[in-house]
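So you can see what is in the structure, the chains are spelled out below.
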Amino acid sequence: MASLNRGDKGAFSELMTRHGPAVYRFAWALADEAHQADDFLQDTFLVMWKRRHKIVLAGESALPWLLTTCRFTVYNSNRRSRARRTLPLDAAETATNAGAPTSAIEELNWVREEIDALSQIDRQLINRCLLEGESYAQAAAALGMTPAAARKRVQRTRIRLGAARIENQ
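Residues numbered from 1 in each chain as written. Predicted model: local features only at pLDDT ≥ 70, side-chain atom pairs only at ≥ 80, totals over all residues. Heavy atoms only, no water.

Asks: So what exactly am I meant to see when it comes to the packing of helix α2 (residues 9-30) against helix α3 (residues 37-50) here?
Replies: The description of two helices packed together rests on the angle between their axes and the distance between the axes. For the pair α2 and α3, interaxial distance at closest approach is 9 Å and the crossing angle is 140°. Of the possible angle classes, the one that applies to α2 and α3 is oblique. α2 and α3 meet at a crossing whose hand is right-handed. Residues K9, F12, L15, M16, H19, G20, V23, Y24, A27 and W28 of α2 form the contact with α3, whose participating residues are A37, D38, F40, L41, T44, F45, M48 and W49. Tallied by class, residues from the contact of α2 with α3 come to 13 nonpolar, 3 polar and 2 charged. (Axes fitted to C-alpha atoms, helices over the stretch in contact; angles between N-to-C directions. Helix = DSSP H or I, 4+ residues; strand = E, 2+ residues; numbered from the N terminus. Parallel < 35°, antiparallel > 145°, perpendicular 65-115°, else oblique. Left-handed = near helix turned anticlockwise from the far one by under 90°. Contact = heavy atoms within 4.5 Å. Nonpolar A, V, L, I, M, F, W, Y, C, P; charged D, E, K, R; others polar.)

In structure tokens, the structure reads:
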């Protein structure tokens, strides 16, 4: 570690050779998607290189520090990807067949019903901006309004849906 602190790339290479396979296997075991293990291995060693002056080892080996850093890297990535993961609104039947919890299916059906109850223009905005990922400017141009008007309508719809959700619970 002393050589690594001095910026010795050979020491970094030696640590990577010695502990890389164990860190890779650990990342592979924790990752939501196994193909990400290479990225997590690289991220872990990049963090080690950047923080080399601040690393305090509990014993002789850098492996526990590397595994802990890898664990946090993987968990953070998993958490971000799970937060972005969504089901299409028309997936209730598929979710039922896949064994999804009844509460999730009921909520999915409720969201679909609430969106169907919106005005036509609000439904189109929600579909374009929130479900298809178009920007406000793109949706506004397609629907003949300004981006500011589109943004405001989506904002109002979100507030309305949030209030309806609270009432529904």
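Anyway, onward from the coordinates.
Asks: Is there a simple way to think about the packing of helix α7 (residues 120-131) against helix α8 (residues 136-143) in this case?
Replies: In contact at an axis separation of 9 Å, α7 and α8 are set at 140° when each is read in the N-to-C sense. Comparing their axes, α8 and α7 come out oblique. For the element pair α7 and α8, the recorded crossing hand is right-handed. Contact with α7, carried on its side by I121, Q124, L125, R128 and C129, involves Y136, A139, A142 and L143 of α8 and no other residues of that element. Of the residues in the contact of α7 with α8, the class split is 7 nonpolar, 1 polar and 1 charged.

Asks: What am I meant to see in the nonpolar core here?
Replies: Soluble, globular proteins show a tendency: their nonpolar side chains are buried together. V23, A27, F45, M48, L66 and V74 are the most contacted members of the largest nonpolar core, which has 17 residues in total. Going through the elements one at a time, α2, α3 and α4 (63-84) are the ones with two or more residues in this core. When residues of this core are assigned to their parent elements, the largest contribution, 5 residues, is made by α3. With near-sequence residues (within four places) excluded, A27 lies in contact with A37, F40, C70 and V74. (Core = buried A, V, L, I, M, F, W, Y, C linked by side-chain atoms within 4.5 Å. Buried < 20%, exposed > 50% of the residue type's maximum accessible area, 1.4 Å probe, protein only.)

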